[in-house]
Amino acid sequence: MLRRCGSRRRTTQIVAVSQGLTFVLARHGGPLSGAGGDAMNGGDLAGVRRHRTAGFTLVELITIMVVAAILAAVAAPRFFTRLSFEERGFYDQSVAAIRYAQRVAIAERRNVFVVMEANRLRLCYDAACVAGVREPGAGNAYDIGTPDGVGLDTTATFSFNGLGQPSLAANMVVTVTGQDNRTFTVQQETGFVATP
């Protein structure tokens, strides 16, 4: 279908509409026989424009599929095992528990013991762990058990005094074992728990 479009400025266009695409076949400043010839009569096609319809090209679609396949191959195995997530959770809980033990010792001006075993970490008011420190808000004894496949490589007992100083002879490096071994260090002088 051909249409002739004109305006008051004496500009004339010949427009072809076919299958949703619009082509401007000729545009002239004057009548159709203006300078440069006209595209309908074999003149120059410099004025031909093509309007693109919306959508993705084949190259864009293939690129998206390749990126999605790479992400699926790398990330999917991490989501099918919970060990890495449970190990990270226990690691964070252990660091938080030791920091909490120091704060409780300072707040109550008394010794608080950290008892680490292969499969659990406890906070107590004595080395034998008869009187346990209570969890904030819950009221239960502060006792964290390790999930299956996760453990502590350090079996030790140390305490924080009323000033928050640990009873350590040297810096203590603790490793939470599992799929990815994670370590933290309890500083001898200050009791600061340093994480990488």
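In case you missed it, the structure is sitting above this.
Residues numbered from 1 in each chain as written. Predicted model: local features only at pLDDT ≥ 70, side-chain atom pairs only at ≥ 80, totals over all residues. Heavy atoms only, no water.

Attention now goes to the sheet that holds strand β6 (residues 120-124). Across the sheet, 4 strands lie side by side as β7-β6-β5-β9; this open sheet has antiparallel pairing. Taken across any chain shown, the strands that pair with only one partner, and hence form the sheet edges, are β7 (143-145) and β9 (156-160). Geometrically, the sheet is characterised by an average inter-axis angle of 10° between neighbouring strands, direction not taken into account. Summarising the sheet, β6 and β7 pair through 3 bridges and their orientation is antiparallel. (Pairing = 2+ DSSP bridges. Helix = DSSP H or I, 4+ residues; strand = E, 2+ residues; numbered from the N terminus. Axes fitted to C-alpha atoms, helices over the stretch in contact; angles between N-to-C directions.)

Here we come to helix α2 (residues 83-108). Taking 1.5 Å per residue as the helical rise, α2 with its 26 residues ought to reach 38 Å, and the 37 Å between its terminal C-alpha atoms agrees with that figure. Looking one or two residues beyond α2, the residue adopting positive phi is R109, at roughly 55°. (Expected span 1.5 Å × (residues − 1).)

This part is about the environment of A156. In this structure, A156 sits in strand β9. Between the C-alpha atoms of A156 and M172, which are 16 residues apart in sequence, the distance is 9.6 Å. Ignoring anything within four residues of it in the chain, the contact list for A156 reads V114, V115, M116 and M172. (Contact = heavy atoms within 4.5 Å.)

Nonpolar side chains collect at one region of the surface, where L58, I62, V66, I70 and V74 lie side by side and expose about 500 Å² of accessible area between them. Turning to its location among the elements, I70 is positioned in helix α1 (residues 58-80). Owing to a relative accessible area of 51%, I70 belongs among the exposed residues under this scheme. (Patch = residues over 30% accessible without salt bridge, like charges linked within 9 Å, V, L, I, M, F, W, Y side chains within 5 Å. Areas by Shrake-Rupley, 256 points an atom, 1.4 Å probe, with all protein chains shown as cover. Salt bridge = Lys/Arg side-chain N within 4 Å of Asp/Glu carboxyl O. Buried < 20%, exposed > 50% of the residue type's maximum accessible area, 1.4 Å probe, protein only.)

Along the chain, R122 falls in strand β6. Overall, the relative accessible area of 16% leaves R122 in the buried class. Looking at R122, its side chain comes within polar contact range of the side chain of E117, at 2.8 Å. Residue contacts for R122: discarding those within four places in its chain leaves F113, V114, V115, E117, C129, Y142 and D143. (Polar contact = N/O pair within 3.5 Å; in protein donor to acceptor, adjacent residues only side chain to side chain.)

I98, V114, M116, L121, L123, F158 and F184 are the most contacted members of the largest nonpolar core, which totals 30 residues. Residue assignment for this core shows that the elements contributing at least two residues are α2, β5 (112-117), β6, β9, β10 (172-177) and β11 (182-186). The element contributing the most residues to this core is α2, with 9 residues. (Core = buried A, V, L, I, M, F, W, Y, C linked by side-chain atoms within 4.5 Å.)

Glancing now at unusual backbone geometry. Of note in this structure, R109 is not a glycine but carries a positive phi near 55°. Inspection of the secondary structure puts R109 in the loop between α2 and β5. At C129, a residue that is not glycine, the phi angle is positive and equals roughly 65°. With respect to the element layout, C129 can be found in the loop between β6 and β7.

Read these as geometric descriptors, not functional statements.
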